[in-house]
Amino acid sequence: MKKLTGFIKYTGKMHLETGTSIKGSDNDLSIGGADSIVVKNPITAIPYIPGSSLKGKLRSLLELHYGKYTEKKYEKNGTEITIGSPCTCGKESCFVCKIFGAHNHPGAESAPTRIIVRDCNLSNKSKDTIANLLLNGKNYLEVKAENNIDRASGKVGSPRFIERVPAGLDFNVEIVLQVFEGDDAEDMKAKIKEGLTLLENSYIGSSGSRGYGQVTFNGKWSDEEEAKDKGVKDAVSG
Ligand SMILES: [Zn+2]
């Protein structure tokens, strides 16, 4: 067993530069409702960004950037197709498996997964913005119609209605790195930071190629350990 020596935390804000749609499910989707709705807290109906979405996006961007994905081959209509899927190597030397967990590889030597990505809730300021809109009887979510053009006929099909969280709102971000004996904490921090920069150039959620989901990050590493003794602090910040 590896010894847990401390925690380092990245806290900050994710700012939506464009409308963002992270798909949720609506069990009682009514007629006339949106075809695709955003993830919301079932109690408050306020949207949030699931930690799993942010984690998955950081992982896949870093895998692409470093060529760390596992190639999977399969056959379709007699043609061999190769797709990239999450790294399964599970090697101690693989930062992807170490930070994000070895995909489909229980008991990997890289375990345990170092990263914890919390669900990103709306900032208090953004909650106030929403509350004001609601008080004035306005909806704070955008419903955007996307036309489908039928390539064969050239006709515009019936539009799909996609719900989006509007640009301008901020979500709180908290990423925790668990540091184990022998880990290079600075390198892990650098990889996460790099992932966040890659994400700023990419998108979160759906329809990124159509301009959805552009985000910017503003945060910092606390480097303050939750473990109490000073020895831990030195090990982590060293
Ligand atoms: Zn790996």
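The model shown is predicted, which means the values in this text are computed figures rather than measured ones.

Peer 1: Quick question: what am I supposed to make of the overall build of the chain here?
Peer 2: From N to C terminus, the chain includes 5 helices and 8 strands. Going from N to C terminus, the chain has its helices and strands arranged as β-α-β-β-α-β-α-β-β-β-α-β-α. Partitioning the contacts of the chain with sequence separation of at least 6, the portion at a separation of at least 24 is 63%.

Peer 1: Help me understand the sheet that holds strand β1 (residues 4-16), please; the structure alone is not making it clear to me.
Peer 2: Backbone-to-backbone hydrogen bonds pair the strands of a sheet. The strands run either parallel or antiparallel. Spatially, 4 strands are ordered β4-β7-β1-β8 in an open sheet, and the strand pairing comes out antiparallel. A strand with exactly one partner marks an edge of an open sheet, and here the two such strands are β4 (115-117) and β8 (215-221). With direction set aside, neighbouring strand axes in the sheet form an average angle of 25°. Helix α4 (residues 185-201) rests against β1, β7 (170-180) and β8 of the sheet, and its axis sits at about 160° to β8.

Peer 1: I tried to follow the nonpolar core on my own but got confused; where do I start?
Peer 2: Taken as a class, soluble globular proteins show a tendency for nonpolar side chains to be buried jointly. Core analysis: the biggest nonpolar cluster contains 39 residues, and Ile-49, Cys-120 and Ile-204 have the highest contact counts within it. Among residues more than four places away in sequence, those in contact with Ile-204 are Thr-20, Ile-22, Ile-49, Ser-53, Leu-54, Lys-57, Leu-199, Gly-213 and Val-215.

Definitions and limits used
- Residues numbered from 1 in each chain as written.
- Predicted model: local features only at pLDDT ≥ 70, side-chain atom pairs only at ≥ 80, totals over all residues.
- Helix = DSSP H or I, 4+ residues; strand = E, 2+ residues; numbered from the N terminus.
- Contact = placed C-beta atoms within 7 Å.
- Pairing = 2+ DSSP bridges.
- Axes fitted to C-alpha atoms, helices over the stretch in contact; angles between N-to-C directions.
- Core = buried A, V, L, I, M, F, W, Y, C linked by C-beta atoms within 7 Å.
- Buried ≥ 20, exposed ≤ 12 C-beta atoms within 10 Å, placed from the backbone.

Interpretation in functional terms is not warranted from these geometric data alone.
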